[in-house]
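# Coordinate analysis (summary)
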Amino acid sequence: MLIITCPWCGARPEVEFRYGGEAHIARPADPSALTDAEWADFLYNRTNPKGLHAERWRHIHGCGRYFNALRDTVSDFFVTTYKAGEKRPDIDASSGGSK
Amino acid sequence: MVESAAVTASLAPARPLGALAAASRVLPAARLTALGDAARLVFRGREAAIGPAGEAFGVALPREACRFNAGNGRFAFWLGPDEWLLLAPGAEPAPLFAAIEAATAGLPHSLVDVSARSVGIELAGDKAAFVLNQGNPLDLSLDAFPVGMCTRTVFHKAEIVLVRHAPDVFHIDVWRSFAPYVWELLEDARRELA
Ligand SMILES: [Zn+2]
């Protein structure tokens, strides 16, 4: 079973977690100032990278908290996890993901 | 105001595990017990309210992740960084609720009486961890899940709060509608043993 490290609870089995989509997407401060295309871009368009992806996870059957993870979408390897509100760690795709 | 024995009986709390517990086999390696009523309060709050809430409850709220504090037969379980389950077996929730509300008045927090939401199950014996692991994926070795640890987790498809009181004594708190499901799967796992 895949082990995911919750920043609060530590290493825990994947069945305790839920995926929460791409991380670091800020809701526009003034939505009515956006064009329809810009709003659609915020709502629907995601980076979908091959390699490292910053994404939200929730330890729903644990502490209940949302946090962020850097996961390699090729190998499914979790390079690191960090608390919500923290900056994306400065790690590039070559430094992890293949373990 | 009419108050007859029949009315009182019909208002008695439903015991979802009553019949199952009565029919349960004795197995010393993994003893299964349906625990009695308890006051259960969920407290959530920011820094300023945490200390006063613990003082009013009589047990300080633990700040370390996945740990509980105990005292005077009461327990404060860490469930999240700003979330605790306060458990007082055999106690009435209303006076506890009022005391904590009084102590935290004006401080941002939430306090919810969830006494009727879940029921407690004790699983004790040499094979308690083995039985739990039939439906729970956590490492229950004493290094990874020491005495004094508590956490929300899963048992098969049900969410539970799992607590280790002693190396061979676990407390499971489970939402009452899931309780028979969890109990019968624990029974199923116990069949491995005898
Ligand atoms: Zn957690």
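In what follows, the accompanying structure is described. (Residues numbered from 1 in each chain as written. Chains lettered and ligands numbered in written order. Predicted model: local features only at pLDDT ≥ 70, side-chain atom pairs only at ≥ 80, totals over all residues. Heavy atoms only, no water.)

Now for the overall build of chain A. A count of helices and strands for chain A gives one helix and six strands. Scanning chain A from its N terminus toward the C terminus, one meets helices and strands in the order β-β-β-α-β-β-β. For chain A, the C-alpha atoms occupy an extent of roughly 45 × 30 × 20 Å along the three principal directions. When each of the 99 residues of chain A is scored for burial, the buried share is 35%. Taking as baseline every contact in chain A between residues at least 6 positions apart, the subset at least 24 positions apart corresponds to 43%. Carbon and sulfur atoms make up 50% of the accessible area of chain A, which amounts to about 6,000 Å² in all. Computing the positive centroid from 13 side-chain charges and the negative centroid from 13, chain A places the two 7 Å apart. (Helix = DSSP H or I, 4+ residues; strand = E, 2+ residues; numbered from the N terminus. Buried < 20%, exposed > 50% of the residue type's maximum accessible area, 1.4 Å probe, protein only. Contact = heavy atoms within 4.5 Å. Areas by Shrake-Rupley, 256 points an atom, 1.4 Å probe, with all protein chains shown as cover. Lys, Arg positive; Asp, Glu negative; His and termini not counted. Charge placed at Lys NZ, Arg CZ, Asp CG, Glu CD.)

Residues and elements named next belong to chain A. Taken in spatial order, the four strands of this open sheet run β3-β4-β5-β6, and their pairing is antiparallel. The open sheet has two edge strands, β3 (18–22) and β6 (78–83), and neither has a second partner. Here the strands of the sheet are splayed against their neighbours by 30° on average, with no regard to which way each runs. The pairing of strand β5 (residues 66–72) with β6 spans five bridges and is antiparallel. Across the sheet, residue A69 finds its bridge partner in β6, namely T81. (Pairing = 2+ DSSP bridges. Axes fitted to C-alpha atoms, helices over the stretch in contact; angles between N-to-C directions.)

Another point: the packing of aromatic side chains. Applying the stated criterion across every chain yields a total of nine aromatic pairs over all chains. Between W39 of chain A and F42 of chain A, the aromatic rings sit 5.1 Å apart at their centres with planes inclined by 40°, giving tilted as the arrangement. Here W39 of chain A and its partner F42 of chain A are both found in helix α1 (residues 36–44), three residues apart, which amounts to about one turn of the helix. Note on W39 of chain A: relative accessible area 25%, which makes it partly exposed. A centroid spacing of 6.1 Å and a plane angle of 65° characterise the contact between F68 of chain B and F75 of chain B, whose relative ring orientation is edge-to-face. Residues F68 of chain B and F75 of chain B agree in their burial class; the two are buried. Taken together, the ring pairs connect Y19, W57 and F78 of chain A into an aromatic cluster. The residue whose ring lies beneath R56 of chain A is Y66 of chain A, and the NZ or CZ to ring-centre distance is 4.4 Å. Between K83 of chain A and the ring centre of W8 of chain A, over which it is positioned, the NZ or CZ distance is 3.9 Å. (Phe/Tyr/Trp six-rings, centres within 6.5 Å; stacked < 30°, edge-to-face > 60°. Lys NZ or Arg CZ within 6 Å of the ring centre and 35° of its normal.)

Another aspect to go through is the coordination of the zinc ion. Residues and elements named next belong to chain A. Listed as protein donors to the zinc ion are C6 (SG), C9 (SG), H59 (ND1) and C63 (SG); their distances from the metal cover 2.0 to 2.4 Å. Each of the four donor atoms bound to the zinc ion contributes to angles spanning 104 to 118°, and the resulting shape is tetrahedral. Within one chain, the residues serving as donors to the zinc ion are arranged as C-x2-C-x49-H-x3-C. Linking C6 in strand β1 (residues 3–6) with C63 in the loop between β4 (52–58) and β5, this pair joins segments that are 57 residues apart in sequence. Of the two residues examined, C6 and C63, each falls in the buried class. (Donors = N, O, S within 2.8 Å, 3.2 Å for Na, K, Ca; no water. Tetrahedral: all angles 85-135°; square planar, octahedral: opposite > 155°, others 65-115°.)

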